[in-house]
Amino acid sequence: MASLFFSYSHKDENLRNELETHLALLKRQAIITSWHDRRITAGSDLDNSISTQIEASQVILLLVSANFLSSDYCYEKEMNRALEKHKEGSAIVIPVILHPCDWLSAPFGHLRATPTDGKPVSMFANQHEAFAIIAKDVREAVTRISSAEMASHDNKKIILDPPFHEASSIRSSNLRVKRRFDDHERDEFLEDSFHYIARYFEGSLDELCTRNPHLKTRFKKQSESRFSAMVYDNGKRVAECSIWYGGRSFSTNGIAYSHSSNEQDNSLNESLSVVDDGYSLQLKPLGLHIYSDTGESLLSQQGAAENYWSLFISSLQR
């Protein structure tokens, strides 16, 4: 049975919980045991507990996002030691890409990531598909560990083979070239972005209630291309919005935002259009709303979702 360690930012805890659910069959089959820092009991030494578990782990999952890369503890302590173990052959490190970020420039950028081709979990229209791919990759990694241990009779040394080992040659990381994106790619990105924003709102509404017991929320999926969100303070509606793409009164190359939750009302207060810089597809706000503060003209899916969330919650923060 292989020991698995989650290295992650607490800001991504919901996705870690979902991934752990998808790894449950591996646990039932006694293929893995898993550990993360939420299992540290009160009064225990935090650093010592984490260090002990990393040293004992044979599979280390780096749950990669901008939050992970900006965390000093994740980056400098957990990740660095994980890569040392990977290099010495005592563990397999698997980068799990949760959100779009500059992970290819990180020290683990030479490792094969999961899901397939490093496509972030948050960019899958159905995230269960992404987690199923990750679970399959973990199963394959553990199988290689078991085979290596049987061959060497040495539980401390793991022989790493592709697909998760380093590339055999050194190379530059500056390999991007400009390209053209076709209409199919743009339409697919638009749909993925809408579903990402919907999940972002649903999760944020749940957390808003958890942190503020006097508030209640509603998330309503009005159709496959439209949803509404509402917040109630002691029973009184204090914030509402609708977000949609397509429709008769709005072009299909954008995602609209309205401060109204009425699904018959197609008047908009902001919109996002799909653009590209020659390297990747991004979202550009029209800039209609006085409270819109994107900081940048082009946004990732996460940045776009946060921009719309800021418009939605602004009435509760003034």
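For the structure itself, consult the block above.
Rules behind the numbers
Residues numbered from 1 in each chain as written. Predicted model: local features only at pLDDT ≥ 70, side-chain atom pairs only at ≥ 80, totals over all residues. Heavy atoms only, no water. Helix = DSSP H or I, 4+ residues; strand = E, 2+ residues; numbered from the N terminus. Buried < 20%, exposed > 50% of the residue type's maximum accessible area, 1.4 Å probe, protein only. Polar contact = N/O pair within 3.5 Å; in protein donor to acceptor, adjacent residues only side chain to side chain. Contact = heavy atoms within 4.5 Å. Axes fitted to C-alpha atoms, helices over the stretch in contact; angles between N-to-C directions. Parallel < 35°, antiparallel > 145°, perpendicular 65-115°, else oblique. Left-handed = near helix turned anticlockwise from the far one by under 90°. Nonpolar A, V, L, I, M, F, W, Y, C, P; charged D, E, K, R; others polar. Phe/Tyr/Trp six-rings, centres within 6.5 Å; stacked < 30°, edge-to-face > 60°. Lys NZ or Arg CZ within 6 Å of the ring centre and 35° of its normal. Core = buried A, V, L, I, M, F, W, Y, C linked by side-chain atoms within 4.5 Å.

Asker: Teacher, can you tell me more about the side chain of D37 here?
Answerer: Here D37 lies in the loop between β2 (32-35) and α3 (46-56). The class for D37 is buried, based on a relative accessible area of 17%. Polar side-chain contacts of D37 include one of 2.6 Å to the side chain of Y8. A polar contact is formed between the side chain of D37 and the side chain of H10, at a distance of 2.8 Å. Those residues in contact with D37, other than ones at most four positions away along the chain, are Y8, H10 and I50.

Asker: What is the right way to look at the packing of helix α7 (residues 183-211) against helix α8 (residues 301-317) in this model?
Answerer: Helix-helix packing is characterised by the crossing angle of the two axes and by the distance between the axes. For the pair α7 and α8, interaxial distance at closest approach is 9 Å and the crossing angle is 50 degrees. Classified by the angle between their axes, α7 and α8 sit oblique to one another. Where α7 crosses over α8, the two elements pack in a sense that is right-handed. Here F189, D192, S193, Y196, I197, Y200, F201, S204, L205 and L208 of α7 lie close against α8, whose contacting residues are Q301, Q302, A305, E306, Y308, W309, F312 and I313. For the contact of α7 with α8, the residue count by class is twelve nonpolar, four polar and two charged.

Asker: Can you walk me through the packing of aromatic side chains in this structure?
Answerer: To describe a pair of aromatic rings, you give the distance between the ring centres and the angle between the ring planes. Counting across every chain of the model gives eleven aromatic pairs. Seen in terms of ring centroids, F5 and W35 are 5.7 Å apart; in terms of plane orientation they differ by 20 degrees. Their pairing is stacked. Placement of the pair is F5 in strand β1 (residues 2-7) and W35 in strand β2, with a sequence separation of 30 residues. Residue classification places W35 among the buried positions, given a relative accessible area of 12%. Three or more aromatic residues joined by ring pairs make a cluster, and in this case those are F194, F201, F219, F227, Y245, W309 and F312. Its guanidinium or amino end placed over the ring of F124, K119 lies 4.4 Å from that ring's centre, counting from NZ or CZ. In this arrangement the basic side chain of R179 is found over the ring face of F181, its NZ or CZ atom lying 4.2 Å from the centre.

Asker: Explanation requested: unusual backbone geometry in the structure shown.
Answerer: Among all residues except glycine, the phi angle is most often negative; among peptide bonds, the trans geometry is most common. Backbone torsion omega between T114 and P115 reads 0 degrees, so that peptide bond is classified as cis. Positioned with a positive phi, D117 is a non-glycine residue whose angle comes to about 60 degrees.

Asker: Looking at this structure, I do not really get the nonpolar core. What am I missing?
Answerer: Among soluble globular proteins, nonpolar side chains are generally buried collectively. I197, F201, I243, I255, Y308 and F312 are the most contacted members of the largest nonpolar core, which totals 34 residues. Going through the elements one at a time, α7, β6 (226-233), β7 (236-245), β8 (254-258), β9 (270-276), β10 (281-285) and α8 are the ones with two or more residues in this core. It is α7 that contributes the most residues to this core, ten residues altogether. In this structure, F6, L26, V121 and F124 belong to the second largest nonpolar core, which totals 26 residues.

Functional significance is not addressed by these values, which are geometric in nature.
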